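# Close look at the chain arrangement
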Amino acid sequence: MKVARLRFLRKGNMQAPCSGAVIEFTGVDPAEELDAERLARWLTALPTSLRLSPADCQGPLVAVLPRLLLACSEHARLEQAPVRLLHQGPTTLCLWLPVDDPKAAKAVAALSIHIVEAVRRGNLPDATTTNHWNALRSRFWNQTHAHLARAANQLGIPFALVDKDWQRFLQLGQGCHLRLFHETLTDRTPLFARSATNKEALHNLLKHRGVPLPAQETVETLENALAAAERIGWPVVLKPASGGKGRGVWVGLSDPMELRQAWQSQEQSGEGRQLLQQNLTGADHRLLVVMGKLLAVAQRQPATLISDGLLPLHRQIAVLNADPERGVGYERLKNRVPVDGRLDLILGEQGFTLASVPPAGTRVQLSRTANISQGGTAIDCSARVHPDNRRLAEDIAQLIGTDVVGLDLISRDIGVSWREGGTWLLEANLSAGLRPHLLADPDTDLCQRIVRLWMGEHPQAGRIPIALITGSVGKTTTSRMLAHLLLDAGKRVGLCSSTGVELDGQLIKAGDLAGGGPAQWLLQDRRIEALVAEVARGGILMAGLGIESADVTAVLNVLDNHVGMDGIRSREDLARIKAVVAQAAEKLLVVNADDPLTLGMAQNRDPATVALVSEDPGCSAWHAHRRAGHLVASYSRERQGNIKLHHQDQQLLSIALREIPASDDGAVGTIATAAAFSAAQAIGLGLKADQIIQGLRNYGLKASHRRGRFEILMREPWQVVLTWADGPEAMASLSSYALAATEAEPCRRMLLCSAPDTRPDAFLQKVGQATWGFDLVVCAAWSERRNRTPDMVPALLAKGVRSLGPDGPAVLESGLESEAVALLAEQIRPGDFCVVSTFESEIMRGKLLAALS
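Every value quoted in this text rests on a predicted model; they were computed, and no experiment measured them. (Residues numbered from 1 in each chain as written. Predicted model: local features only at pLDDT ≥ 70, side-chain atom pairs only at ≥ 80, totals over all residues. Heavy atoms only, no water.)

## Some words on the overall build of the protein
Selection rule: Numbered from the N terminus, helices here are DSSP runs of H or I no shorter than four residues, and strands are runs of E no shorter than two. Relative accessibility decides the category of a residue: with a 1.4 Å probe and only protein chains considered, values under 20% of the type maximum give buried, values over 50% give exposed, and everything between is partly exposed. The contact criterion used is simple: two residues touch if any of their non-hydrogen atoms lie within 4.5 Å. Note that His is not counted, nor are the chain ends; the positive residues are Lys and Arg, and the negative ones are Asp and Glu. For this purpose, a charge sits on NZ of Lys, CZ of Arg, CG of Asp or CD of Glu.
When its secondary structure is counted, the protein shows 27 helices and 38 strands. Overall size of the protein, expressed as C-alpha extent along the three principal axes, is 110 × 65 × 55 Å. Within the span of the protein, comprising 853 residues, buried residues form 56% of the whole. Summarising the internal contacts of the protein: among those between residues at least 6 apart in sequence, 67% fall at separations of at least 24. Across the protein, the centroid of the 91 positively charged side chains sits 1 Å from that of the 91 negatively charged ones.

In structure tokens form, the structure reads like this:
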């Protein structure tokens, strides 16, 4: 049994709204039934508590494997969604696994295979099992992160997990509004405050500030500890000078023998400097202070059990630990009770051993410390805390100088002022866990209150304006234009497109970087105030959108460009993929009213959240939408055409195509399409009409606006334009452009064109047929090929050109684009107008300038 294919998909994919992985297993018999009893025993031996009952282990593998995957991945996902069977064969199973991390998906699959194979062979868990488990556990959600992320999601605040320097951080918010957290340690916690994690330093900081503290001394040897105990007075507490979670804490040591035992245990566990502390009488309380406000108080209680009078204590503790609500480490809110030397010691004080059977109803204490990590529990005391104690906690946080702190207080009665005695501060925890409070009050809104304090109360807290743009053609130009409008309006703008990633119009990284992955990189950049992302079909299919929602989205068109690829059989199939982007729109969806497939994506939305764009003066849907008072845009690609926006019976703006510099005095008709869509989206993002008009009148004045799209490389002795046209519709637009650009001064029009070799033969021939606006066409092949030899694509393009007949362009066939550049250099003459259509614009720019300069 092995994994034949594993594809991780981010949120916004064709399988589910949540992230997950498509996993195909081979070498498996779906009807095989494992030994259910052996599987159940095997799983109990794992160093974890899986939510998998003995009944879940029964049945054929097609039923058991999904349950096993779901149980193993419980802590690697936030959303509770089912594993789905996608398809099965005689020796294959293909499943959808909801999971939030690609490495976690691989680890879940590997562990599940290991378990199935081990149960088949009768093997027990071994070192390999531990390795598989550790690999998976390293990708689990941190418990605090998970609760805070769920709270953020309920409040509509975007979140993400970020890996930095071998640590995982929770990111709340986006771009310039983002915050980073490691548990409750924040990116604004002062460096000085972090010294408070050292218990000795905290004591020294607060001992002269009027804070009630227990007597304590730092000790480095057993002899020092024994002498300090005599000075402080028995009983005493021994604990590490730094650390937390109750690790290495020995409470109530009443004589030198017990102190020696505890000291030896500390030495064996490698603990360093120790604190010897006065043993205090009272209940253990955790007080959580966030941004100067006391938010919650929990009284922690040591682990106990009520004896059943039948079983020995070791069996009763095993039953207690088998509770599915108890876990190992930080899997669950409750922890299993540790069975160790400290347990033997406290049972002995009560007159028991692990073999004892106390009388029924006897309350048996299992721990001296009240830490949740030691199996304890908690009750909520937030409503009982005395105002003086509340002020004390907030004062301590201010003295430490931290934004988040968990204070451990011993208090005989938290409802009585500390000024009356009986209350002491033990520790301050900067990375305060939330378990005591969540366990004490499962229905608390504590996490939401914390997130609001961190991120603000505004409904759009943490968000930056986001626009997503998809379609078959025109995406890159529209994305660039919208990014320019936002930049011109004063925003710092991140842009990802098929030509690269940009910040404020400056190229950061070149390449085909359209899609959710690059968009997520930009959302982790604190400089970004707005994001515009081009989204391609491949990114949605292969990796998922990755952005759960956007302020505005646009679907420009659905054409045949990718029909016949990746299982896409028709434009309707392609439209279903593009609809993922449409569904992400929160405020405004902008669609092409002239395309029934894009128009259909707006059917189930509130019409007030839809803008329709049309080139057809007779489009009935557009006119109906306008009559209803909703946002519409119209445009004409003719040289004398205009772009207009209307809303609620008012014309918001009107601008002539020739006023936009990138249109080359109206010759580039596709600029009109981009302007209509980008202007409508800009309205949805809150720009004013005069800002949009000003931005459009500036678009095309900078080189970055035209890089690789109608980019004028040379004007003398010949004019060379670098662009890209994918498909017959785009190529027809290039033909129109060539005719319009040379209308005033007729000259020979040349074209060097190429196309992806993944396109069907008929599609490539149609591209060739759309070159009717040129006199000479040089056909070439991409350097990156998958299915064809270098001569095949040029031959199919040339066949389409020749089908135009004797009045059509002359045609030359070349090999790769690099060879076609040399052929072009041989053919070009002074005064010629030459268009080079290539997807590899960054590479071809250098080759063209070198060959033609």
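## Quick look at the sheet that holds strand S12 (residues 274-278)
We count it as follows: Here the rule is simple: two strands pair whenever DSSP picks up at least two bridges between them. With axes taken as lines fitted to C-alpha atoms, and helix axes fitted only over the stretch in contact, angles between N-to-C directions fall between 0 and 180 degrees.
The antiparallel open sheet is built from four strands, whose spatial order is S9-S12-S10-S11. Since the sheet does not close on itself, it has two edges, and those belong to strand S9 (216-219) and strand S11 (250-253), each with one partner. Geometrically, the sheet is characterised by an average inter-axis angle of 25° between neighbouring strands, direction not taken into account. Sitting on the sheet, helix H8 (residues 256-268) is in contact with S9, strand S10 (236-240), S11 and S12, with an inclination near 165° to S11.

## Concerning empty space enclosed by the protein
Here is the rule we go by: Grid spacing is 1 Å over the protein atoms alone, the probe is 1.4 Å, and a cavity is where that probe fits but cannot get out, while a pocket is an open set with protein on both sides within 12 Å along at least five of seven lines and lining residues have an atom within 4 Å of a point. Grid points are joined across faces, edges and corners, and a volume is the space filled by probe spheres set on the points. Residues are grouped as follows: Ala, Val, Leu, Ile, Met, Phe, Trp, Tyr, Cys and Pro are nonpolar; Asp, Glu, Lys and Arg are charged; all remaining types, including Gly, are polar.
Within the structure shown, the criterion is met by four cavities of 30 Å³ or more. Considering only enclosed or pocket space, the largest cavity measures out at about 160 Å³ in volume. Along the wall of the largest cavity there are 14 residues; nearest its centre are Arg342, Leu343, Ser367, Arg368 and Thr369. By residue number, the principal contributor to the lining of the largest cavity is helix H10 (residues 341-349), which donates four residues. Residues of the lining of the largest cavity, tallied by class, amount to eight nonpolar, three polar and three charged. Estimated volume of the second largest cavity: approximately 60 Å³.

## Thoughts on the packing of aromatic side chains
We count it as follows: Only rings of Phe, Tyr and Trp enter the pairing, Trp through its six-membered ring, and a pair is recorded when the two centres are within 6.5 Å. The plane angle decides the type: under 30 degrees is stacked, over 60 is edge-to-face, the rest tilted. Only Lys NZ and Arg CZ are tested; either one counts as a charge over a ring when it is within 6 Å of the ring centre and within 35 degrees of the ring normal.
Taken as a whole and assessed by the stated rule, the structure comprises eight aromatic pairs. With centroids separated by 4.1 Å and ring planes inclined at 25°, the aromatic side chains of Phe181 and Trp454 adopt a geometry described as stacked. Of the two residues, Phe181 sits in strand S7 (residues 179-182) while Trp454 sits in helix H13 (residues 446-455), which places them 273 residues apart along the sequence. Per residue, the accessibility class of Phe181 equals that of Trp454, and both read buried. When the centroid spacing of 5.8 Å and the interplanar angle of 70° are considered together, the rings of Trp724 and Phe839 count as edge-to-face. Of the two residues, Trp724 is situated in the loop between strand S34 (719-723) and helix H23 (728-741) and Phe839 in the loop between strand S38 (833-837) and helix H27 (841-852); the sequence distance between them amounts to 115 residues. Three or more aromatic residues link up through ring pairs in this structure, and these residues are Phe710, Tyr737 and Phe833. Looking at Arg342, its charged tip hangs above the ring of Trp250, at a distance of 5.6 Å from the centre.

## Let's talk about the pattern of salt bridges
Just so we agree on the cut-off: Salt bridge, as applied in this entry: a Lys or Arg side-chain nitrogen positioned within 4 Å of an Asp or Glu carboxyl oxygen.
In the structure shown here, the tally under the stated rule is 54 salt bridges. Arg576 is the salt-bridge partner of Asp573, the closest N and O atoms lying 2.2 Å from each other. Pair noted here: Asp573 and Arg576 are both in helix H17 (residues 571-583), with a separation of three residues, about one helical turn. Taking the relative accessible area as the measure of exposure, Arg576 reaches 49% and is therefore partly exposed. Beyond isolated ion pairs, a larger network of salt bridges with shared partners links Glu502, Arg707, Glu711, Glu842 and Arg845.

## Section: the state of the cysteines
Operational definition: When the sulfur atoms of two cysteines come within 2.5 Å, that pair is taken as a disulfide.
Under the defined criterion, the tally for this structure stands at zero disulfides. Looking at the unpaired Cys496, the closest cysteine sulfur is the one in Cys176, lying at 17 Å. Here Cys834 is not cross-linked by a disulfide; its sulfur's nearest cysteine counterpart is in Cys747, at 10 Å. Using a relative accessible area of 0% as the deciding quantity, one classes Cys834 as buried.

## Describing the environment of Val720
As for its position among the elements, Val720 is in strand S34. Residue classification places Val720 among the buried positions, given a relative accessible area of 0%. Sequence separation between Val720 and Leu172 is 548 residues; the distance between their C-alpha atoms is 47 Å. Those residues in contact with Val720 that lie beyond four places of it in its chain are Glu711, Ile712, Leu713, Met714, Ile828, Cys834, Val836 and Leu852.

## A few points about the sheet that holds strand S33 (residues 711-714)
Taking strand neighbours across the sheet as the criterion, the six strands line up as S33-S34-S38-S35-S36-S37 in an open arrangement whose pairing is mixed. Looking at which strands have only one partner, the edges of the open sheet turn out to be S33 and strand S37 (810-816). This sheet shows a mean twist of 20° between the axes of neighbouring strands, independent of strand direction. As judged from the four bridges shared by strand S35 (residues 749-753) and strand S36 (residues 776-781), these two strands associate in the parallel manner. Paired with Cys753 across the two strands is Cys779, which belongs to S36.

## Some remarks on the pairing of strand S6 (residues 167-172)
Residues in a regular strand project their side chains so that they alternate between the two faces of the sheet. Most of S6 is tucked away: five of the six residues are buried. Sheet topology places strand S5 (residues 159-164) next to S6; six bridges connect them, and they run antiparallel. Of the residues in S6, the one forming a bridge with Phe159 is Leu172. One ladder, built from three bridges, connects S6 with S7; its direction is antiparallel. Looking across to S7, one finds that Leu170 is bridged to Phe181.

## A look at a nonpolar patch on the surface
Here is the rule: Residues forming no salt bridge and having over 30% relative accessible area are the ones grouped into patches, like charges within 9 Å of each other and nonpolar side chains (Val, Leu, Ile, Met, Phe, Trp, Tyr) within 5 Å. The accessible surface values rely on the Shrake-Rupley method and a 1.4 Å probe; as for residues, cover is taken only from the protein chains in view.
A grouping of Leu739, Trp772 and Leu804 is seen on the molecular surface, where their side chains present a nonpolar patch of about 260 Å² in accessible area. Within the secondary structure, Leu739 is located in helix H23. Overall, Leu739 belongs to the partly exposed group, its relative accessible area being 37%.

## Quick notes on unusual backbone geometry
For the bond from Trp234 to Pro235, the omega torsion is -10°, close enough to zero to count as cis. Glu716 connects to Pro717 through a cis peptide bond whose omega is 0°. As for its position among the elements, Pro717 is in the loop between S33 and S34. With phi around 55°, Phe710 is a residue other than glycine that occupies positive phi space.

## Looking at the nonpolar core
Note the following rule: Joining through side-chain atoms within 4.5 Å is the link that ties buried Ala, Val, Leu, Ile, Met, Phe, Trp, Tyr and Cys residues into a set, and such a set is a nonpolar core.
With 72 residues, the main nonpolar core has Val532, Ile643, Ile660, Leu734 and Tyr737 as its most contacted residues. No other element matches the nine residues that helix H20 (residues 670-684) contributes to this core. Other than its neighbours up to four places away in sequence, Tyr737 contacts Asp664, Ala667, Val668, Phe710, Val721, Phe833 and Val835. If you look at the next biggest cluster of nonpolar residues, it comprises 43 residues, including Phe8, Leu93, Ala107 and Ile113.

## Observations regarding H8
To keep things clear, this is the line we draw: Expected helix span is computed as 1.5 Å times (number of residues minus one). It is the directions from the helix axis to the C-beta atoms that the arc portrays. Here a polar contact is taken to be a pair of N or O atoms separated by no more than 3.5 Å, where protein atoms must pair a possible hydrogen donor with a possible acceptor and residues adjacent in sequence count only if both atoms sit in side chains.
If you check H8, its first and last C-alpha atoms are 18 Å apart, about what 13 residues at 1.5 Å a residue would give, namely 18 Å. Listing the buried residues of H8 in full gives Glu258, Leu259, Ala262, Trp263 and Gln266. For H8, the buried positions fall inside an angular range of 135° around the axis, keeping them on one side. Seen from the buried face of H8, the exposed residues on the opposite side, beyond 90 degrees, are Met257, Glu267 and Gln268. For H8, the capping residue at the N-terminal end is Asp255, with a side-chain oxygen 3.1 Å from the backbone nitrogen of Met257.

## A word on the environment of Phe352
By the secondary structure assignment, Phe352 is in the loop between H10 and strand S18 (363-365). Between the C-alpha atom of Phe352 and that of His182, which follows or precedes it by 170 residues, the distance is 42 Å. Setting aside anything within four residues of it in sequence, one finds Phe352 in contact with Leu313, Leu347, Pro358, Thr362 and Val364.

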